[in-house]
Amino acid sequence: MRRARLPTFAGALAILTAAGWADEGHHGGSTGLFPHAIAVADVDGDGIPDVLIPASAERKVAVLLGDGKGGFRANHAFPVGQGPTWIVAADVNGDRHLDFVTTDTGAHRLTIYFGDGRGGFAPGKVIPDIDGPVSVVVADFNRDGRLDLAVAQAAESQVAILTNRGSGTFEVATRYRVDRGPHILVTEDVNGDKLPDLVVGTLGAHKLTILLGKGDGSFDRRPSVETGRFPHYMAFLDWNGDGHKDLAVAVAGEDAVDLLAGDGRGGFTRGSRLKAGVNPHGLVAVDVNGDRILDLVVSNRSTHDLMIYLGTGRGFSAPKLIRTGQDIIALGTADFDRDGRVDLALVSASHNAVVILRGDGAGGFATGAASAGPVK
């Protein structure tokens, strides 16, 4: 078996402070109580990225419309079921406008809103009897031209596949047993066959379950991959430079990011580990310094900071540390101020807000413009 290359490190830990973070006027748009996840998409068709965030303690979704200056010009709320924990934005009814789907964990259901293409949403469908849904992804799993859903069900330790029957109407097609306590589910082509696959982290088993799509709506389960304790957000990138898609996962119980090397056939082996802060959750792979190599950004909830690991093509340099003073539970990326540089959207569970950090194109970040106020 091929051994994964260990990532390389250079230099000492750089400590940064996001300028103006302590100014309450820069905490960004209100999200409602206990925001839990984020979706970034242009829902009003103006070419500017917007942000959608479920407020798990208020049974609503906040839709913040970007102003193109690193802030938000409007902030609207849409009611959903009890305990919304996840959101995805996609055109599920085929009208070329973005819709959104939430997992309402406490209500044991999914909620779908249909978008009008101008930033508004109308109540669409409620999909009941989905026990303990905690995350949802969309992809065309059966190649019929319509987006289907896959839902991680924590209460049942399974992933349900919901087939799109047209106009955003779904029915459960099949379910797959996974390891105990599935949490965050992602879809990616991990074996290079141009078909969407599924990877889910399991909090109860401390493993990743991998389901390889067959293109007809069904999946083959691969052997589970062990990670550190309590895997959370995942990111895909070729961190070891072998041409295969690899995986990084924030492991909250180990205060680390585990790096897993892909074999190009859907298998992964544990390669090495990046030291993170306490209780890492959010994780994204994005080129923050413009060198065309993906970097990693991880949010550490209990130490209230971010770490940025710049990719070298064979590993990562020593991390930059950005102190936030916030409990950042999730991260999103986009060019929010339209300056051609990658920015970060931080979901602050401690301040019930989203904050934009504007990138400088060299791996540094500062707070953006003041954002829209309370959700309406």
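Residues numbered from 1 in each chain as written. Predicted model: local features only at pLDDT ≥ 70, side-chain atom pairs only at ≥ 80, totals over all residues. Heavy atoms only, no water.

Draft legend 1. Structural detail: the sheet that holds strand β6 (residues 72-79). The strand order β3-β4-β5-β6 describes an open sheet built from four strands, whose pairing is antiparallel. At either margin of the open sheet sits one strand with a lone partner, and together these are β3 (39-41) and β6. Going across the sheet, the axis of each strand differs from the next one's by a mean of 20°, ignoring polarity. As paired elements, β3 and strand β4 (residues 50-55) share three bridges and run antiparallel to each other. Opposite A41, over in β4, you have D50 as the bridge partner. (Pairing = 2+ DSSP bridges. Helix = DSSP H or I, 4+ residues; strand = E, 2+ residues; numbered from the N terminus. Axes fitted to C-alpha atoms, helices over the stretch in contact; angles between N-to-C directions.)

Draft legend 2. Region of the structure containing the pairing of strand β23 (residues 268-275). The pairing of strand β22 (residues 256-262) with β23 spans seven bridges and is classified as antiparallel. Residue pairing across strands places G262 opposite F268, the latter belonging to β23. Hairpin remark: β22 followed by β23, antiparallel, with five residues in the connecting loop; positive phi at G264, about 80°.

Draft legend 3. Summary view of unusual backbone geometry. Of note, R59 is a non-glycine position whose phi angle comes to about 60°, a positive value. Inspection of the secondary structure puts R59 in the loop between β4 and β5 (60-66). Among the residues examined, R59 registers a relative accessible area of 46% and is labelled partly exposed. The phi dihedral of D255 is positive, around 55°, even though this residue is not glycine. You can see D255 is positioned in the loop between β21 (246-251) and β22. (Buried < 20%, exposed > 50% of the residue type's maximum accessible area, 1.4 Å probe, protein only.)

Draft legend 4. A look at the nonpolar core. One finds L149, V199, L283 and L296 to be the most contacted residues of the largest nonpolar core, which totals 67 residues. If you look at the next biggest cluster of nonpolar residues, it comprises 15 residues, including V137, V178, L198 and F219. (Core = buried A, V, L, I, M, F, W, Y, C linked by side-chain atoms within 4.5 Å.)

Draft legend 5. Structural view of the sheet that holds strand β7 (residues 84-90). A sheet is described by the order of its strands in space; here four strands give the open sequence β7-β8-β9-β10, paired in antiparallel fashion. Two strands in the sheet have a free side with no partner beyond their single neighbour: β7 and β10 (121-127). Sheet twist, expressed as the mean angle between neighbouring strand axes with direction ignored, is 20°. By the bridge criterion, six bridges tie β7 to strand β8 (residues 99-104) in an arrangement that is antiparallel. Opposite P84, over in β8, you have D104 as the bridge partner.

Draft legend 6. View of the pattern of salt bridges. Counted by the stated rule, this structure contains 17 salt bridges. The partner of R73 in a salt bridge is D44, with the nearest N and O atoms 2.5 Å apart. Of this pair, R73 sits in strand β6 while D44 is found in the loop between β3 and β4, placing the two residues 29 residues apart along the sequence. Looking at R73, the relative accessible area reads 49%, which means it is partly exposed. Two residues, E254 and R273, come together in a salt bridge whose shortest N-O distance is 3.5 Å. Of this pair, E254 sits in the loop between β21 and β22 while R273 sits in strand β23, and the two are 19 residues apart along the sequence. (Salt bridge = Lys/Arg side-chain N within 4 Å of Asp/Glu carboxyl O.)

Draft legend 7. Focus on the pairing of β21. Burial runs high along β21: six of the six residues are buried. A two-sided burial pattern is seen for β21, the buried positions comprising D246, A248 and A250 on one face and L247, V249 and V251 on the other. Taken together, the five bridges between strand β20 (residues 231-237) and β21 define a ladder with antiparallel strand orientation. Its bridge partner lying in β21, P231 is registered against V251. Bridge analysis of β21 against β22 gives five bridges, and the strand direction is antiparallel. Note that in β22 the partner of V251 across the bridge is A256. Taking the residues that link successive antiparallel strands as the turn, the β21-β22 hairpin has four residues, and the phi of D255 there is positive, at about 55°.

Draft legend 8. Broad picture of the packing of aromatic side chains. This model, assessed by the stated rule, comprises eight aromatic pairs. Aromatic side chains F141 and F219 sit 5.3 Å apart centroid to centroid with 70° between the ring planes, which places their arrangement in the edge-to-face category. With F141 in the loop between β11 (133-139) and β12 (148-153) and F219 in strand β18 (residues 219-221), this pair connects stretches of sequence that are 78 residues apart. Since its relative accessible area comes to 3%, F141 is described here as buried. Assessed through its relative accessible area of 5%, F219 is described here as buried. By the ring-pair criterion, three or more aromatic residues cluster together here, those being F78, F100, Y113 and F121. (Phe/Tyr/Trp six-rings, centres within 6.5 Å; stacked < 30°, edge-to-face > 60°.)

Draft legend 9. Region of interest: the side chain of S157. By the element assignment, S157 lies in the loop between β12 and β13 (158-164). Given a relative accessible area of 12%, S157 falls into the buried group. Apart from residues no more than four positions distant in its own chain, S157 is found in contact with Y176, R177, V178, D179, R180, G181 and P182. (Contact = heavy atoms within 4.5 Å.)

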